[in-house]
Amino acid sequence: MDYEVKVENLYFFYGETNILEDINLSFQAGSFISIIGPNGSGKSTFLKNLSRYLEPQKGIVLLGGKDINQLSKKEISRNVSVVPQNILLEFDFKVKDIVMMGRHPYVNRWKGETEEDREIVEKAMKYTNILHFSDRSYNELSGGEKQRVILAQALAQQPKVLLLDEPISHLDLQYQVEILDLVKRLTVKEGMTVISVLHDLNMASGYSDKIIMLKDGKVYCQGKPEEVL
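Structural notes, computed from the coordinates. Along every chain, residues carry numbers that run from 1 in the direction the sequence is written. Note on the predicted model: pLDDT of at least 70 is required for a residue's local features to be given, and 80 or more for side-chain atom pairs to be given and counted; whole-chain, interface and lining totals, by contrast, use all residues. To get the side-chain values, take all heavy atoms of the structure and skip hydrogens and water.

### Points about the overall build of the protein chain
In step 1: Note on conventions: DSSP H or I runs of at least 4 residues are helices, E runs of at least 2 residues are strands, and numbering of each starts at the N terminus. Tallying secondary structure elements over the protein chain gives 8 helices and 10 strands in all.
In step 2: Our radius of gyration looks at C-alpha atoms and nothing else; its globule reference is 2.2 Å times the residue count to the power 0.38. By the compact-globule yardstick of 17 Å for 229 residues, the protein chain fits well, its C-alpha radius of gyration being 17 Å.
In step 3: Taking the principal axes of the C-alpha coordinates as reference, the protein chain spans close to 45 × 40 × 35 Å.
In step 4: Taken over 229 residues, the protein chain has a buried fraction of 47%.
In step 5: Between two residues, a contact is recorded if the distance between any of their heavy atoms is within 4.5 Å. Across the protein chain, the fraction of contacts at a sequence separation of at least 24, relative to all contacts at a separation of at least 6, is 68%.
In step 6: The protein chains shown are the only cover counted for residues, whose accessible areas, like all others here, come from Shrake-Rupley with a 1.4 Å probe. Element-wise, carbon and sulfur atoms account for 46% of the exposed surface of the protein chain, whose accessible area totals about 12000 Å².
In step 7: Counting rule for charge: Lys and Arg are taken as positive, Asp and Glu as negative, and neither His nor the chain ends is counted. Lysine's charge is taken at NZ, arginine's at CZ, aspartate's at CG and glutamate's at CD. Each charge class in the protein chain can be summarised by its mean position, and for the 28 positive and 32 negative side chains these summaries are 4 Å apart. Per-residue accessibility, obtained with a 1.4 Å probe over protein chains only, is compared with the maximum for each type, and a residue is labelled buried under 20%, exposed over 50%, and partly exposed between these values.

### Side note on the pairing of strand β3 (residues 32-36)
In step 1: Of all 5 residues in β3, 5 are buried; the element is thus mostly enclosed.
In step 2: Burial along β3 is two-sided: the face carrying Phe32, Ser34 and Ile36 and the face carrying Ile33 and Ile35 are both buried.
In step 3: Here, any two strands with at least 2 DSSP bridges between them count as paired. Bridge count for β3 against strand β9 (residues 210-215) is 4 bridges, and the pairing is parallel. Across the sheet, Ile35 pairs through a bridge with Ile212, a residue of β9.

### Comments concerning the pairing of strand β2 (residues 17-27)
In step 1: Pairing analysis gives 7 bridges linking strand β1 (residues 5-14) to β2, with the strands arranged antiparallel. The residue of β2 that forms the bridge with Lys6 is Ser26.
In step 2: Here β1 hands over to β2 after 2 residues, with Gly15 in that stretch at a positive phi of 65 degrees.

### Considering the side chain of Glu145
In step 1: Looking at where Glu145 falls in the secondary structure, it is placed in helix α5 (residues 143-156).
In step 2: Salt bridges are defined by distance alone: a side-chain nitrogen of Lys or Arg within 4 Å of a carboxyl oxygen of Asp or Glu. Comment: no salt bridge for buried Glu145; closest opposite-charge side chain is Arg136, at 4.2 Å.
In step 3: For Glu145, the contacting residues outside a window of four places in its chain are Phe133 and Arg136.

### Let's talk about the pattern of salt bridges
In step 1: With the rule as written, the count across this model stands at 7 salt bridges.
In step 2: One salt bridge connects Lys126 with Glu122, and the closest N-O pair in it is separated by 3.3 Å. Here Lys126 pairs with Glu122, and both are found in helix α4 (residues 115-127), just 4 residues apart, close to one helical turn.
In step 3: Using a relative accessible area of 34% as the deciding quantity, one classes Glu122 as partly exposed.

### Remarks on the sheet that holds strand β10 (residues 218-223)
In step 1: What the 6 strands build is an open sheet, ordered β6-β7-β8-β3-β9-β10; its pairing is mixed. Two strands in the sheet have a free side with no partner beyond their single neighbour: β6 (80-83) and β10. Adjacent strand axes in the sheet meet at a mean angle of 15 degrees when their direction is disregarded.
In step 2: The sheet strands contacting α5 are β6 and β7 (161-165), and the helix crosses β6 at an angle near 165 degrees. A fitted line through C-alpha atoms represents every axis, and for helices the fit uses only the stretch in contact; the resulting angles, taken between N-to-C directions, go from 0 to 180 degrees.

### Topic: the packing of α4 against α5
In step 1: Where α4 contacts α5, the two axes come as close as 9 Å, and the packing angle between them is 140 degrees. Judged on the interaxial angle alone, α5 and α4 are oblique. In terms of crossing hand, the pair formed by α4 and α5 is right-handed. Judged by residue contacts, Ile120, Val121, Ala124 and Tyr127 of α4 engage Ala152, Leu155 and Ala156 from α5. Every angle not falling under 35 degrees, over 145, or within 65 to 115 is termed oblique; those three ranges are roughly parallel, roughly antiparallel and roughly perpendicular. Handedness of a crossing follows from how the near helix is turned relative to the far one, being left-handed for an anticlockwise turn of less than a right angle and right-handed for a clockwise one.

### Some thoughts on a nonpolar patch on the surface
In step 1: A patch consists of residues exposed above 30% relative accessible area that lack any salt bridge, with like charges linked at up to 9 Å and nonpolar side chains (Val, Leu, Ile, Met, Phe, Trp, Tyr) linked at up to 5 Å. Where nonpolar side chains cluster on the molecular surface, the patch consists of Leu89, Phe91, Phe93 and Met101 and spans about 350 Å² of accessible area.
In step 2: According to the relative accessible area criterion, Met101 is partly exposed, its value standing at 37%.

### Observations concerning α4
In step 1: What a helix is expected to span follows from its residue count: subtract one and scale by 1.5 Å. Between its first and last C-alpha atoms α4 spans 18 Å; for 13 residues at 1.5 Å apiece the expected length is 18 Å, and the two agree.
In step 2: Listed in full, the buried residues belonging to α4 are Asp117, Ile120, Val121, Ala124 and Met125. Buried residues of α4 fall within an arc of 135 degrees about the axis and therefore sit on the same side. When the buried face of α4 is taken as reference, the exposed residues oriented beyond 90 degrees from it are Glu116, Lys123 and Lys126.
In step 3: The secondary structure elements touched by the buried residues of α4 are α3 (95-100) and α5.
In step 4: Positioned one or two residues after α4, Asn129 has a phi angle of 60 degrees, which is positive. To obtain the arc, one takes the directions from the helix axis to the C-beta atoms.

And the structure:
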């Protein structure tokens, strides 16, 4: 069964400030969807509602037909991975250790990591082309390399849905293309659903199956890239 994401009548407030209002959307499995719109339109807040990092005051988010509020944190983590906008690590870790953190929803606290966990982590590092520096310190890496490490960590969770908050905003063009190529391939080959906040409209039009534009916390328009842009 396709793992579709649906949002119905979603409202979110910070205090008395209305951030999201009456959002009704569906995201087909195996598609790349970009969320665009001006600053302050509610894009990042919307992603946080999809992962239950934030809980809407009204409305429902359905993951694979199930109400996200009825799922445990472990169940959500096994189905949804998030790559946040800013990744700051207080302690320095080796690359392979950071990617292994993506296995947290699966690892038994008493038994520890299994051979299967290590194989999945290695596969994620191969896919993102970081295996050759798996023993390096994360804080020694370039911006593009760090982004690939965090993406590998997200893939190690084996999610059905990948949420990306401006994954290319501070990267050189070469790395922007590299990251989006990797992510697009996941939708085509793995059937993963990718929902990404993007500022670059050229990149959004080039990679997206669907674009959703938010304005003032509402869905201003949605459709194929050529229709929306």
